[in-house]
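Spelled out, the chains give:
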Amino acid sequence: GRIFVLGGFDGKQALDSVEIYQPAMESSQEPWTEGLPLPVARYAMGATSAVDIIYIIGGLSDAGLENASTPLPSLEYIPSGSIYQEFDAPISDVWSNLGMVISGTQIYVVGGKLNQQPTGQNLAYQAIYTVAIPSIIK
């Protein structure tokens, strides 16, 4: 029931802002609130969510407008706890303008630019693990 708008570019610099829109609040109160800012301002990244966690991969910062050489850390944003934590992404190059979607337990990362060159590369990343805990009923 919420839409997250993460980072971006205002024409001069990368943004670290996180804005949250809650459509259900449209008629009774202000539907927009501020979320926890990104640890590093970025734009042109991929983002998707699963199980109340937002996954952020790639993107560019002000330091990498045209000649990015250092990849930005991949992040999990947990809005309920207002925390970010890094995770190992499926690729360690500078990846921007990519598409991301989650299907089942996998995050799919597609296309965009790798090291500022167009790419058709597609990767799948295991985001959700199912753990079975046996129980004994007497």
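So, here is what we can say about the structure in this document. Note that the coordinates shown come from a computational prediction; the quantities given were computed from them, not determined experimentally. (Residues numbered from 1 in each chain as written. Predicted model: local features only at pLDDT ≥ 70, side-chain atom pairs only at ≥ 80, totals over all residues. Heavy atoms only, no water.)

## Some remarks on the pairing of strand E4 (residues 46-50)
Then step 1. Burial along E4 is one-sided: the residues Gly46, Thr48 and Ala50 are buried and none of Ala47 and Ser49 is.
Then step 2. Here E4 pairs with strand E5 (residues 53-57) via five bridges, running antiparallel. Across the sheet, the residue bridging to threonine 48 is tyrosine 55, located in E5. (Buried < 20%, exposed > 50% of the residue type's maximum accessible area, 1.4 Å probe, protein only. Helix = DSSP H or I, 4+ residues; strand = E, 2+ residues; numbered from the N terminus. Pairing = 2+ DSSP bridges.)

## Thoughts on the nonpolar core
Then step 1. Grouped together as the largest cluster of nonpolar side chains are 15 residues, with contacts concentrated most on Tyr55, Ile57, Trp95, Leu98, Met100, Ile107 and Val109.
Then step 2. Listed by contribution, the elements that provide at least two residues to this core are E5 and strand E10 (106-110).
Then step 3. Broken down by element, this core gets its largest block of residues, three residues, from E5.
Then step 4. The residues touching tyrosine 55, leaving out its near neighbours within four places in the chain, are Gly46, Ala47, Thr48, Ala50, Leu75, Glu76, Phe87, Met100, Ile107 and Ala127.
Then step 5. Of all hydrophobic cores here, the second largest spans ten residues; its members include Val18, Leu38, Tyr77 and Tyr84. (Core = buried A, V, L, I, M, F, W, Y, C linked by side-chain atoms within 4.5 Å. Contact = heavy atoms within 4.5 Å.)

## Comments concerning the packing of aromatic side chains
Then step 1. This model, assessed by the stated rule, comprises six aromatic pairs.
Then step 2. On the numbers, 4.8 Å between centres and 45° between planes, the contact of phenylalanine 9 with tyrosine 43 is tilted. Separated by 34 residues along the polypeptide, phenylalanine 9 in strand E1 (residues 3-9) and tyrosine 43 in the loop between strand E3 (32-34) and E4 bring together distant segments of the chain.
Then step 3. Overall, the relative accessible area of 15% leaves tyrosine 43 in the buried class.
Then step 4. Through successive ring pairs, a cluster of aromatic residues spans Phe4, Tyr77 and Tyr84. (Phe/Tyr/Trp six-rings, centres within 6.5 Å; stacked < 30°, edge-to-face > 60°.)

## A short note on the sheet that holds E1
Then step 1. Spatial strand order, E1-E2-E3: three strands in an open sheet with antiparallel pairing. Strands at the two margins of the open sheet, each flanked by one partner only, are E1 and E3. The sheet shows a mean angle of 30° between the axes of neighbouring strands, taken without regard to direction.
Then step 2. Inspection of the sheet shows E1 paired to strand E2 (residues 14-21) by six bridges, in the antiparallel sense. Each bridged residue has a counterpart across the sheet, and for valine 5 the counterpart in E2 is glutamate 19. (Axes fitted to C-alpha atoms, helices over the stretch in contact; angles between N-to-C directions.)

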